[in-house]
Structure formats: structure tokens, C-alpha cells
Amino acid sequence: MNQKEIKQNIVDCVNRVKAENPMAGSITNTVTINFVANAQLAVGGSAAMVYLPDEAEGLALAGNALYINVGTLFPVYSETLPRAAKTLHDAGKAWVLDPVAIGLGSMRTQLLYDFKEYKPTIVRGNASEIISLAKLWGLEEQGETGAVRGVDSTDTVEAAKNAAVQIARYTGGAVAVSGETDLVTDGHMAVRSHGGSLFMPMITGTGCSLGGVTAVYATSADPFTAALTAANVYNLAGARAEKDVPGPGSFQVRFLDELYRATPEEIANNPFEVEEL
Ligand SMILES: Nc1ncnc2c1ncn2[C@@H]1O[C@H](COP(=O)(O)OP(=O)(O)OP(=O)(O)O)[C@@H](O)[C@H]1O
Ligand SMILES: Cc1ncsc1CCO
Ligand SMILES: [Mg+2]
């Protein structure tokens, strides 16, 4: 696919979301749950957050896409998350997985291991998380990289490229790796999206909310277009929001404003390059 076709797909995706206000439910962490919902609303989506197994199944069937983020686990999630993932898989619904802090604790490891069978439509994470997930699923050789230290990345986006491509080829969906430059792949193409701000890693939840916004776009586009649309709007809004702000607090507020203000054409025209694999 060439740049022009990709840009048209992005414009169509954003227009559909702004016109239809699609609901993308979430099971996400308690640190950033409010920011995830606000970002989803700012781009034109509708948010709903749940914790309980039957409610997660209900939400999975009620919308066209769901977001699962394992940032802060509770005991009930050992039931909620597999039931939600199975429901999504069996119903052929899109879902976005953010494997936050993969490697921490046995329950998180088991849940993320078991998701392999249900093939998340889009996997979104920072570089260390994507490398670790590819290793956990046996898709990449053990290497020096991919050590997860809490929730922040210790690897570069380029170091996670092969892991991202292998995951996308396995799921048949898309993988997005966030960092200074974001990489989005469907296993056939790798696209690098530029922009963003140094303030973004200084506020918690830019990555989590990027996952939630990706789920909103996944209600209205194929996985690759959805992941790239989200990466582009985040890079655009981040770059705009940092102008004249004194620090990360005001940046977070301005960032939501810029997510809201970005037009379909501006999102499509945020700088990105396409590499055929
Ligand atoms: N150095 C940077 N310069 C510009 N943009 C950045 C930079 N680092 C991250 N970003 C942007 O911040 C957003 C979140 O990416 P990041 O890799 O920090 O996610 P994360 O580690 O999962 O975050 P969190 O877990 O706190 O939600 C993405 O849109 C990414 O492009
Ligand atoms: C800080 C933090 N801890 C668990 S989840 C989360 C939000 C960023 O991933
Ligand atoms: Mg994260």
C-alpha cells in the first residue's frame, strides 16, 4: 500500500469516528483510567470501563472493539481477562492488548501467555514490552534486550522491530511500538510515525490512553489503519501541546485539547514513512 492510500484510510477512519461516536470498552489500570476515558472522548469515541467478568463479556459484545491493559491486576482479572479475550476471539471482534509491565508477577505472566491463543488484533506497547511478549510467545529468540523494569521502556523502538513484525505475522493483525518515533507494522509493512513531545514520557498514561484511542479507531478501520491513526494523532497532538507550556502538568491538559482539535487531514498528514518488508 502506498502513502496516498494509507492517508485516505486514515482520513476515512477519523471521519467515521467523529460522525458515529463509537463505544470502545476498556479493562484497564487504575492509575490512568480517567485519562484513558478522556482521551477516547476527545477523539470522538465513547468510553466504558469495567472490572467484572460478565460485564467485560457484555462490553466485548456491545461494541466493535475492546481495550485490555494489564497495568494493575486484581484477583478477579484471572477470570475477567480470559473470558473477555475468548468472547472477543469467538465473536471476531477487534481488541487491543497493552502488556504493561510484562514479566512482573506470576498472574500477569500467565494471563499474557494465555492471550496467545486468542490473538489480539492489535498489540500496543513500549519497546521492552513488545520484545518481552514476543519472547513469552516463543516468536523471538532469547536476547539481551527486553528486560522490563516496571512500566517504562529500557529498549529502543528499533530494537523491538523484529519482535513487532513476528507478533503481527502470528496474529494477522497489527503491532504498535511507542517511543520517540513510533513503529506500526502489519507484518508486511513497517511505518514510522514522527512527532510527539519530551513531556509525553513525563506524564503517566500517554501509552495507556494511546491504547484506548487505538481501540476507538479499531471500531472503524482495519487494525493497521487504526494503530497508525492513533500513533499519528498522538504525535501531532503531542508536538502541538508542548508549545509554550511550562511543564508536564499543563502539557497534559493541552494535549487533550489538541487531540480534540486535530482534523482528519492533519492526522493523515502527520509525518510518517512506509517500509515494505
Ligand atoms: N522521547 C519521546 N519523544 C516524543 N514522543 C514520545 C517520546 N517518548 C514517548 N513518546 C510518545 O508518548 C506516547 C506513549 O509512549 P511511551 O512509549 O512513553 O508509552 P508507555 O511507556 O507505554 O507509557 P505509559 O505506560 O506511561 O502509559 C506515544 O505517543 C509516543 O510516541
Ligand atoms: C505507573 C503505572 N503502574 C502500573 S500501570 C501504570 C500506568 C502506566 O503504564
Ligand atoms: Mg505503558
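Procedures and definitions
Residues numbered from 1 in each chain as written. Chains lettered and ligands numbered in written order. Predicted model: local features only at pLDDT ≥ 70, side-chain atom pairs only at ≥ 80, totals over all residues. Heavy atoms only, no water. Helix = DSSP H or I, 4+ residues; strand = E, 2+ residues; numbered from the N terminus. Rg over C-alpha atoms; globule rule 2.2 N^0.38 Å. Buried < 20%, exposed > 50% of the residue type's maximum accessible area, 1.4 Å probe, protein only. Contact = heavy atoms within 4.5 Å. Areas by Shrake-Rupley, 256 points an atom, 1.4 Å probe, with all protein chains shown as cover. Lys, Arg positive; Asp, Glu negative; His and termini not counted. Charge placed at Lys NZ, Arg CZ, Asp CG, Glu CD. Pairing = 2+ DSSP bridges. Axes fitted to C-alpha atoms, helices over the stretch in contact; angles between N-to-C directions. Polar contact = N/O pair within 3.5 Å; in protein donor to acceptor, adjacent residues only side chain to side chain. Phe/Tyr/Trp six-rings, centres within 6.5 Å; stacked < 30°, edge-to-face > 60°.

What to know about the overall build of the chain
Helix and strand content of the chain: 11 helices and 9 strands. Taken over C-alpha atoms, the radius of gyration comes to 17 Å for the chain, in line with the 19 Å a tight globule of 277 residues would show. Looking at the chain as a whole, 55% of its 277 residues qualify as buried. Sequence separation of 24 or more characterises 73% of the internal contacts of the chain that already satisfy a separation of 6 or more. Accessible area for the chain stands at about 11,100 Å²; split by element, carbon and sulfur atoms hold 52% of it. Charge centroids of the chain, computed over 20 positive and 31 negative side chains, lie 2 Å from each other.

Focus on the sheet that holds strand β5 (residues 122-126)
A sheet is described by the order of its strands in space; here 9 strands give the open sequence β2-β1-β3-β4-β5-β6-β7-β8-β9, paired in mixed fashion. Each edge of the sheet is formed by a strand with only one pairing partner; in this case those strands are β2 (46-49) and β9 (272-276). Strand-to-strand twist of the sheet, defined as the mean angle between neighbouring strand axes without regard to direction, takes the value 20°. As paired strands, strand β6 (residues 174-178) and strand β7 (residues 182-185) are joined by 3 bridges and run antiparallel to one another.

Focus: the side chain of Asn126
Tracing the backbone through its elements, the reader meets Asn126 in strand β5. We classify Asn126 as buried; its relative accessible area is 11%. Within polar-contact distance, the side chain of Asn126 engages the backbone oxygen of Val151 at 3.0 Å. Among all residues touching Asn126, those that are not within four sequence positions of it are Val151, Asp152, Ser153, Val177 and Ser178.

Examining the packing of aromatic side chains
Taken as a whole and judged by the stated rule, the model has 9 aromatic pairs. Where Phe35 meets Phe255, the ring centres are 6.5 Å apart and the plane angle is 45°; that geometry is what we call tilted. Pair noted here: Phe35 is in helix α2 (residues 33-42) and Phe255 is in helix α10 (residues 248-261), with a separation of 220 residues, a long-range link. The same class applies to Phe35 as to Phe255, namely buried. Centroid distance Phe199 to Phe251: 5.5 Å. Interplanar angle 45°. Geometry classified as tilted. Of the two residues, Phe199 is situated in the loop between β8 (189-193) and α8 (206-218) and Phe251 in helix α10; the sequence distance between them amounts to 52 residues. Just as Phe199 is buried, Phe251 falls in that class too. One aromatic cluster in this structure is built from Phe35, Phe199, Tyr234, Phe251 and Phe255.

Description of α2
Along α2, the residues classified as buried are Phe35, Val36, Ala37, Ala39, Gln40 and Ala42. Contacts from the buried residues of α2 go to β1 (23-27), β2, β3 (65-69), α8, α9 (223-241) and α10. Remark: Gly44 follows α2 within two positions and exhibits a positive phi of approximately 110°.

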